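# Summary of the model geometry
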Amino acid sequence: MDFKGQKLSETVCVWIITVAAVLAFLYGYVKQDFQAMMVLFGGGCTLAFVATVPDWPVYNKDPVTWLPPKEDAARRGGNGSGGRGAGGKGGSKKKGSSSWASLFGF
């Protein structure tokens, strides 16, 4: 499901559930039947589920074109040091950069 399909799916789901809720409430109010109201609302939720959760073709009309993956150093025959240089310890940390540990005081 592409991004536009996700938005369409959400919009359809919200509309189906809203219409089902209003119709179920009105029917239950007129008939004074709470169980019938809940059954109608449950049917609307089931309809919304069937209409929006499966990856229907209507939700795949605008596919995203991704960039090709980059090759990593191991596949290209690199030295396997992960770009750290000959020492293997890595470069000095940039001033002002933060990691999750420093954010929480570790």
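Calculation notes
Residues numbered from 1 in each chain as written. Predicted model: local features only at pLDDT ≥ 70, side-chain atom pairs only at ≥ 80, totals over all residues. Heavy atoms only, no water. Helix = DSSP H or I, 4+ residues; strand = E, 2+ residues; numbered from the N terminus. Buried < 20%, exposed > 50% of the residue type's maximum accessible area, 1.4 Å probe, protein only. Contact = heavy atoms within 4.5 Å. Areas by Shrake-Rupley, 256 points an atom, 1.4 Å probe, with all protein chains shown as cover. UniProt positions renumbered as here; feature names shortened; annotations may be inferred. Expected span 1.5 Å × (residues − 1). Patch = residues over 30% accessible without salt bridge, like charges linked within 9 Å, V, L, I, M, F, W, Y side chains within 5 Å. Salt bridge = Lys/Arg side-chain N within 4 Å of Asp/Glu carboxyl O. Axes fitted to C-alpha atoms, helices over the stretch in contact; angles between N-to-C directions. Parallel < 35°, antiparallel > 145°, perpendicular 65-115°, else oblique. Left-handed = near helix turned anticlockwise from the far one by under 90°. Nonpolar A, V, L, I, M, F, W, Y, C, P; charged D, E, K, R; others polar.

### Examining the overall build of the protein chain
Counting its secondary structure elements, the protein chain contains four helices and zero strands. When the helices and strands of the protein chain are placed in sequence order, the string is α-α-α-α. Taken across its 106 residues, the protein chain has 12% of its residues classed as buried. Put simply, 63% of the contacts in the protein chain that link residues at least 6 apart link residues at least 24 apart. For the protein chain, the exposed area adds up to about 9,100 Å²; of that, 65% sits on carbon and sulfur atoms.

### Regarding the UniProt feature "transmembrane region" (unreviewed entry) in the protein chain
Cross-referencing UniProt, the feature "transmembrane region" (unreviewed entry) maps to residues 12-30 and 36-53 in the present numbering. Note that residues 12-30 is 100% helix and 0% strand, and that its end C-alpha atoms are spaced 27 Å apart. Helix makes up 94% of residues 36-53 and strand 0%, with an end-to-end C-alpha separation of 25 Å.

### Looking at helix α1 (residues 3-31)
The terminal C-alpha atoms of α1 lie 42 Å apart, and with 29 residues this matches the ideal 42 Å at 1.5 Å per residue to within 8%. Burial in α1 covers these residues: Gly-5, Ser-9, Ile-16, Ala-20, Ala-24 and Gly-28. Elements in contact with the buried residues of α1: α2 (34-52).

### Section: unusual backbone geometry
Of note in the backbone geometry, Gln-32 takes a positive phi value of approximately 55 degrees without being a glycine. Among the secondary structure elements, Gln-32 is positioned in the loop between α1 and α2.

### Notes on the side chain of Ser-9
Looking at the secondary structure, you find Ser-9 in helix α1. The exposure class assigned to Ser-9 is buried, which follows from its relative accessible area of 9%. Residues in contact with Ser-9, not counting those within four places in the same chain, are Met-1, Thr-52 and Tyr-59.

### Section: a nonpolar patch on the surface
Together, Leu-8, Phe-49, Val-50, Val-53, Trp-56 and Val-58 line one region of the surface with nonpolar side chains, adding up to about 540 Å² of accessible area. Along the chain, Trp-56 turns up in the loop between α2 and α3 (73-76).

### Some remarks on the packing of α1 against α2
It is the contact of α1 with α2, at a shortest axis distance of 8 Å, that shows an interaxial angle of 165 degrees. Judged by the inter-axis angle, α1 sits roughly antiparallel to α2. Crossing hand, α1 versus α2: right-handed. Here α1 contributes Ser-9, Val-12, Cys-13, Ile-16, Ile-17, Ala-20, Ala-21, Ala-24, Phe-25, Tyr-27 and Gly-28 to the contact with α2, which in turn contributes Ala-36, Met-37, Leu-40, Phe-41, Gly-44, Leu-47, Ala-48, Ala-51 and Thr-52. Partitioned by chemical class, the residues of the contact of α1 with α2 number 16 nonpolar, four polar and no charged.

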